[in-house]
Every structure is written in structure tokens, then in C-alpha cells.
Amino acid sequence: MNIVVLLKAVPVVGTERLGPDLITDRSVQLEANGNDEYLLEKALKLTETHGGEVTVLTVGPAGATEALRKALAMGAARAVHVADDAIRGSDTRATIEIMTAALRKLSFDLAFVGADTSDGQGGVVGAAVAVKLGLPYLSYASEIEPAESGVRIHRITTTGYDVLEAPTPAVVMGTQLLGAPRYPSLRGIMQARSKPVDGWTLADLGIAAESVGAGSSTTRALDFSKPPERAGATFIREPADAAVAQVVDFLAARRLI
Amino acid sequence: MAEIWAVGEIADGQPTKLTLELATLARRLAAASGSEARTLVVGAEAQAAAESVRPYGNVLAVATESSLGARPVASVVAPRVAALITERQPSFLLVGATNDGKDVAGMLVGLTDLPILVNGAAVEWVGEAPRVEMSTFGGKLVTHSTFTGNRGIVVVRAGSVTAEAAASPGQLEVETLGAASELAAVKVVGSVTEAGAAAPIEEARIIVGGGRGVGSPDGFRMIEDLAHALGGAVGATRAVVDAGWISYSQQIGQTGKIVKPALYVACGISGAIQHKVGVQTAGTIVAINRDPDAPIGEFADLFVVGDVFEVVPRLTEAVKASKAAG
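Values in this document were obtained by computation on a predicted structure and should not be read as measured data. (Residues numbered from 1 in each chain as written. Chains lettered and ligands numbered in written order. Predicted model: local features only at pLDDT ≥ 70, side-chain atom pairs only at ≥ 80, totals over all residues.)

**A word on the overall build of chain A**
Of the regular secondary structure elements, chain A holds 7 helices and 13 strands. For the C-alpha atoms alone, the extent of chain A along its principal axes is close to 65 × 45 × 40 Å. Each of the 257 residues in chain A was classed as buried or not, and the buried ones make up 46%. The long-range share in chain A, meaning contacts at least 24 apart out of those at least 6 apart in sequence, stands at 70%. (Helix = DSSP H or I, 4+ residues; strand = E, 2+ residues; numbered from the N terminus. Buried ≥ 20, exposed ≤ 12 C-beta atoms within 10 Å, placed from the backbone. Contact = placed C-beta atoms within 7 Å.)

**Let's talk about the overall build of chain B**
Summing up its helical and strand segments, chain B has 8 helices and 17 strands in all. On C-alpha atoms alone, chain B measures out to a radius of gyration of 21 Å, which is about the 20 Å that the 2.2 N^0.38 rule sets for 326 residues. Referenced to the eigenvectors of the C-alpha coordinate spread, the extents of chain B come out at roughly 60 × 45 × 40 Å. The burial tally for chain B puts 58% of its 326 residues in the buried class. In chain B, 65% of the contacts between residues at least 6 apart in sequence involve partners at least 24 apart. (Rg over C-alpha atoms; globule rule 2.2 N^0.38 Å.)

**Observations concerning the sheet that holds strand β9 (residues 160-166) of chain A**
Spatial ordering of the open sheet is given by β11(A)-β5(A)-β4(A)-β1(A)-β6(A)-β10(A)-β7(A)-β8(A)-β9(A)-β12(B), a layout of 10 strands whose pairing is mixed. The sheet is open, and its two edges are formed by β11 (197-200) of chain A together with β12 (187-193) of chain B, each paired on a single side. Neighbour to neighbour, the strand axes of the sheet diverge by 30° on average, direction disregarded. (Pairing = 2+ DSSP bridges. Axes fitted to C-alpha atoms, helices over the stretch in contact; angles between N-to-C directions.)

**Some thoughts on the interface of chain A and chain B**
In this complex, chain A contributes 72 residues to the contact, which on the side of chain B involves 75 residues. For the side of chain A that touches chain B, the per-class residue count stands at 36 nonpolar, 22 polar and 14 charged. (Nonpolar A, V, L, I, M, F, W, Y, C, P; charged D, E, K, R; others polar.)

**Digging into the domain arrangement of chain B**
Residue and element names in this part refer to chain B. Segmentation of chain B into domains returns domain 1 (4-175) and domain 2 (206-325). Spacing between the C-alpha centres of domain 1 and domain 2 amounts to 32 Å. At the interface, 5 residues of domain 1 touch 7 residues of domain 2. (Domains from an automatic or database assignment.)

**Concerning the pairing of strand β1 (residues 4-7) of chain B**
Residue and element names in this part refer to chain B. Residue alternation in β1 divides its side chains into two sets, I4 and A6 and W5 and V7, and both sets are buried. Note that β1 and strand β4 (residues 37-43) share 4 bridges and pair parallel. When the sheet's bridge partners are listed, V7 is paired in β4 with L40. The sheet contact formed by β1 and strand β6 (residues 92-96) spans 4 bridges and is parallel. Paired with I4 across the two strands is F92, which belongs to β6.

**Concerning the pairing of β4 of chain B**
Residues and elements named next belong to chain B. A large share of β4 lies buried, amounting to 7 of its 7 residues. Sheet analysis places β4 next to strand β5 (residues 59-63), joined by 5 bridges and oriented parallel. From the neighbouring strand, V41 faces β5, where its bridge partner is A61. Crossover connection from β4 via helix α2 (residues 46-53) to parallel β5: handedness right-handed. (Right-handed = clockwise from strand over helix to strand, strands pointing away.)

**Remarks on the packing of helix α4 (residues 125-133) of chain A against helix α4 (residues 99-112) of chain B**
With their axes 7 Å apart at the nearest point, α4 of chain A and α4 of chain B run at an angle of 40° to one another. Taken together, the axes of α4 of chain A and α4 of chain B are oblique relative to one another. Pair α4 of chain A / α4 of chain B crosses with right-handed handedness. Facing α4 of chain A, whose interface residues are V125, G126, A127, A128, V131 and K132 of chain A, α4 of chain B presents D103, G106, M107, V109, G110 and L111 of chain B. The residue makeup of the contact of α4 of chain A with α4 of chain B, split by class, is 7 nonpolar, 3 polar and 2 charged. (Parallel < 35°, antiparallel > 145°, perpendicular 65-115°, else oblique. Left-handed = near helix turned anticlockwise from the far one by under 90°.)

**Some words on the sheet that holds strand β9 (residues 141-147) of chain B**
Spatially, 10 strands are ordered β12(A)-β9(B)-β8(B)-β7(B)-β10(B)-β6(B)-β1(B)-β4(B)-β5(B)-β11(B) in an open sheet, and the strand pairing comes out mixed. For this open sheet the edge positions go to β12 (219-225) of chain A together with β11 (172-175) of chain B, each flanked by a neighbour on one side alone. In this sheet, adjacent strand axes meet at a mean angle of 35° when their direction is disregarded. Packed onto the sheet, α2 of chain B meets β4, β5 and β11 of chain B and runs at close to 165° relative to β5 of chain B.

**What about the nonpolar core?**
Formed by 132 residues in total, the largest nonpolar core has its most connected members in V5, A71 and V172 of chain A together with A26 and L108 of chain B. Setting aside chain neighbours within four positions, we find A26 of chain B in contact with I4, W5, A6, A37, T39, G57 and L94 of chain B. (Core = buried A, V, L, I, M, F, W, Y, C linked by C-beta atoms within 7 Å.)

**Side note on helix α3 (residues 73-88) of chain B**
All names here are of chain B. When the terminal C-alpha atoms of α3 are compared, their 22 Å separation across 16 residues agrees well with the 22 Å that a helix rising 1.5 Å per residue should span. Among all positions of α3, only V73, A74, S75, V76, V77, A78, P79, R80, V81, A82 and L84 are buried. Residues of α3 that are buried make contact with β1, β4, β5 and α4. A positive backbone phi angle near 50° is found at Q89, which sits one or two residues after α3. (Expected span 1.5 Å × (residues − 1).)

As C-alpha cells, then:
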């Protein structure tokens, strides 16, 4: 079972900022998007049990290399890094076009995507890419396993989960419930140095530079501001009974009880 | 001007609360842009659900064969909405930011190549297109974005507007689409209800959250009791979900759910940035924590410095007494 994991390199959580053109500044230190690492871990476990290899695929600036190196150190066999100056500022549509083109060049049984990214995407890219590739899309997985017919997942619901099956190749979007990612071992870090990182450009994907990037964007950031500060907390330091009475009065005054 | 559509969702035969919010929002955007609004409901129970949407505006019900019940909802809804988009050319579509809604939105982009903006917390008509407010980078920034053209999809979170009925009920239209070109097959082969599944937090008006400070899975009993007394749902931090104390469906935060209740009571929760992201837009936040320096103090309205095991059960009793006294 060969698995491609789509991994986004995002600014380290807490350090994100916008550039003067209102595009996310990705010249800061980048790390693998937290949600994507759960999928990488699951992909590694599946290939360890059932054979096959894991390829990590990222679209992003030069700074994404570190996240790819870490993925290789964790156990991925190979990395593909789509990088091109023209990509900067791409909208969701262009991102989908690039991802789709890159996946077309790879051979896989399963392509994994995370539920969303910490720097602002809303978990729609996986579904769009699957549709463009004409592949089954299985989402919100808490469990992924091979099945006779292809792949079987548990899709989380408000009351439990549904069991979904589809033939492969398929695109699977997964969640944190797949399990915490491992730390790279020292041996893994050493081995990662000799693993291939393929650099692909837009030309390699057959995509015209004008069709992606800020210039082609179908959406536009208008402005940004700091969210209004909350007024600040009133502290109650009295014993429990007195404190509770004050809370009840407070809630009643706000018509919350 | 082309119509503005809301794409609804059906749960237990009825439109979800978010569907009525989207219908309300579509109506407002249509009024501001001089066009018509319409809400689409797709499914085997579409017609019955559509009746409940009518007070909120025009409805287009697309009935589907029950045999499609073995497919995931989004894979049934998306190709049918896409076919209607091609046929009727609406300008903008609103889709709810639920799991199914995001799947539908992504599939629609794949099928129609329409532009998309996600995570909308508020949507207004400005100039020629919707202006979408989003909370960005874990709530550090509020950004506004819009479309460069006159068509697109906006994924909208719960609570962007309060659902309000229209001055007069809308028209109900029933569409029977021919065979839609179905998406690659995914089958639902089973459905498992987990014991003790908690009330969903997405649309809850009141949420009581528990963190490490509640000590153990048993500690969540008092959280449940308080939630029950307040008529709310139980939420949790990632740490306690990872520890297996409560199910992932209740997790609030960056890798969990973003919620916007009128009241959030945070019990034994320190308020790490990843959790803050999920709940900072709550109307009122009450924190109960032993540590007065816990970061949750920076975004709570009321902070009870005390032991959750002493405060929470007493608060539950006091709330019950207050409600009984009416």
C-alpha cells in the first residue's frame, strides 16, 4: 500500500503574521501543520504493517524543507516539494489545481490530507482534489484500514461514527483521533539525510505561472485588525459558597439562567 | 441580479439551526444586493424539511431516492447542487461550516471551479460581493476578504447571524433532477452509536468545558451535572480528549471545534492558545480555576479563583435552586 501524505508547512503556531500585501508571511520559521502529522503517523503505521511506502508532498516555499526532512526522519521514504516563486499568494482554487497536478504525477493507493490547517484553510482542499481526480473521498477519519474492497474508515459523527468503504486509489481526510505522531529517532534523522527530496516546479506540473499566485487570485484580502479585546476578567476570590452566589447573580444579570 | 443561495442540511428530517441562519443571511445579502434568496435542501426527506425552512424564505427542495442513503450525505448533495448551479447560475452560495458542509463546499469547488472563502464568521454585502469576516491565526487577527468576481462560495460558521423568519413565508419549489452524475463511489456500510454520546457542542447556547483540572474521567460527571443544570452541552480541551476522558466530538479548539455559545463555563482549564482559538468569541466566559495566573484570565469575563471540586458542585446546586425559584 503506497500512501502520499499532503503536508503543509505552516508558520510555527503563535508566530503567524501577514505581510504588507496581506498575504501570510511564510519567511518565518515553518513547521508541519499539526493536523497533517496525524495522517503521516497513520500512513507510517499502515505501511509498517501492510508494506508499501510513504511519500510526503508539500507545496510551499524553501522554508518548507525542514518540515519535509522531519517527515523523512519519522519514516517517510521520499518527499516531493513543489516550489515556485509564482505560487505565492495563490487562492484555494489555484492550490487545488497544483495539488491535483502533483498527485497525477504520483502513483498511490491512498492520498491523505489533514482536517484543516492552522494558518487559515477550511478543510475543503481534499474534497476538491478528490473530485478533480475522480477518486473516492472519505473524510473525518478516526480510523483507516485496508479492506477487501479497498479502504475502510471510521468517519466521526455527532453520536459515534459511520463505517465507510471505497475502492482505491482514494483520498482520505483524517483527524487527530488517528493517533499522536512519533518523534524522529536519531537513526531516522541520520537516514533521512540520504532520502530523496524531489523538487518540482510549476513547469514540471504543466501549470502556467499566470494561472496561480496572487495575480490570478479570485479572492482578495481587504483589511485586518486586532480583535476587540474582552473587557478583562472580574476576579472572585471568596470561599466557594460566597463565590457561587456571585456567579449566579452575574449569570442572572446577563439573562443566562 | 442572479440569486444568492444557502445550501441547507437536514438532521432527523428537519433543517438544522445553521440552515435557518444561512437562510436568514442569504435573505439579507439578497436584500442588500437587489436579488432573490433561495435555500436548497437535498435529501430523501427534502420536502418535509423544506416546509420548515419556508418561514425563512424561498426554498428549493431536491428529493433524492432513498437508495442513495448508503452514500455519504455530501456525495449526494454536491453533484445535485452543482447541476443546479450550472442550470440556474446563482451568484453566491452560502454553505455551513460543518463536517458535511465543508465536504459539500470542497466538492462543489472541484465540480464547478467557483472561487471560495472559508471560515466566515460574519458576512455582509459590500459593493459588488459579500465581504467575509474571518478569524485568522488562532484569533490573533480579524480579516476581511472578498471575491474579485461576481460568483463564489462562502463557508459560514454557526452563529454568524440569529435566524429570523421573513416578513412572509417564501415559495416552495420541488425539483426532481434526473440522474445526476454521481461522484466516485463511497459506501456507508455501518453506523455505530457510542454509549453515552454527549449533546453536540456546535450549536449549543451554553457549554461547560472541562480540562486537566477536573482530575479524571469521573471528574467529568460534575461537569455534566453543571451542563445539565444550565441546559447546556459538555466541552473539553485536547489534553483530556487525548487522555481518553471524553470523546473527540466534544473537543474545543484548534484541532477540535470552533464554537460560539452565549455562555462558556471553563472548569479547570488553563486556557492555552489552542483552546482559546475555539471559544474566544463566546458571549460570556466564566472561568473556575485554582491558579489566578492561568492564561484563561486574559479572556474570561468572570474568574472564580478556587478548587473546581468545591465550586462546580455548589454552582450546580445554586443554578438548580435559582431555576426552581424561577
